[in-house]
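# Coordinates in review
Below, each chain spelled out in residue letters.
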Amino acid sequence: MIDETRLRRLKFRAWHRGTKEADLMIGGFFDAHAASFTQKQADLFEALLEEEDVDIMAWAIGTLPCPARYEGAMMEAMRRLDYVPIAK
């Protein structure tokens with residue numbers, strides 16, 4: 001189980017990126033997947049949050065190659081983009 005304080009910190013960092021687009025993509029991903037994070041996944045997500053928003057978004061939409069350290073199940077889930085809310 002991941003410490004609640006750490007989850008709150010990760011959520012804040014995921015939702016306060018600097019642009020609305022990055023907030024929706026990274027924060028939306030956190031909201032959709034954080035409940036099932038293992039410690040290792042939380043560590044990876046925390047490292048990902050240290051990267052530039054434009055890079056994270058480019059890796060997720062496939063306009064830049066993703067570094068090997070972030071390739072895997074988490075980035076595959078991020079690439080689905082099914083967690084981004086769409087206003088109707």
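Our structure is the block above this text.
A brief look at the structure comes next. (Residues numbered from 1 in each chain as written. Predicted model: local features only at pLDDT ≥ 70, side-chain atom pairs only at ≥ 80, totals over all residues. Heavy atoms only, no water.)

So, about the environment of arginine 6. Tracing the chain through its elements places arginine 6 in helix α1 (residues 4-15). Spatially, the C-alpha atom of arginine 6 lies 9.0 Å from that of alanine 42, the residues being 36 residues apart in sequence. Setting aside residues up to four positions removed in sequence, arginine 6 forms contacts with Gln39, Ala42, Asp43 and Glu46. Here the side chain of arginine 6 touches aspartate 43 through a polar contact of 2.6 Å, side chain to side chain. (Helix = DSSP H or I, 4+ residues; strand = E, 2+ residues; numbered from the N terminus. Contact = heavy atoms within 4.5 Å. Polar contact = N/O pair within 3.5 Å; in protein donor to acceptor, adjacent residues only side chain to side chain.)

This next bit is on helix α5 (residues 73-80). Taken together, the buried positions of α5 are occupied by Met74, Met75, Ala77 and Met78. For α5, the angular spread of buried residues about the axis comes to 160 degrees, placing them on one side. Among the exposed residues of α5, those oriented more than 90 degrees off its buried face are Ala73 and Arg80. Phi turns positive, to about 55 degrees, at leucine 81, one or two residues after α5. (Buried < 20%, exposed > 50% of the residue type's maximum accessible area, 1.4 Å probe, protein only. Arc of directions from axis to C-beta.)

Tracing the backbone through its elements, the reader meets aspartate 53 in helix α4 (residues 53-61). A distance of 2.7 Å separates polar atoms of two side chains, one belonging to aspartate 53 and the other to arginine 17.

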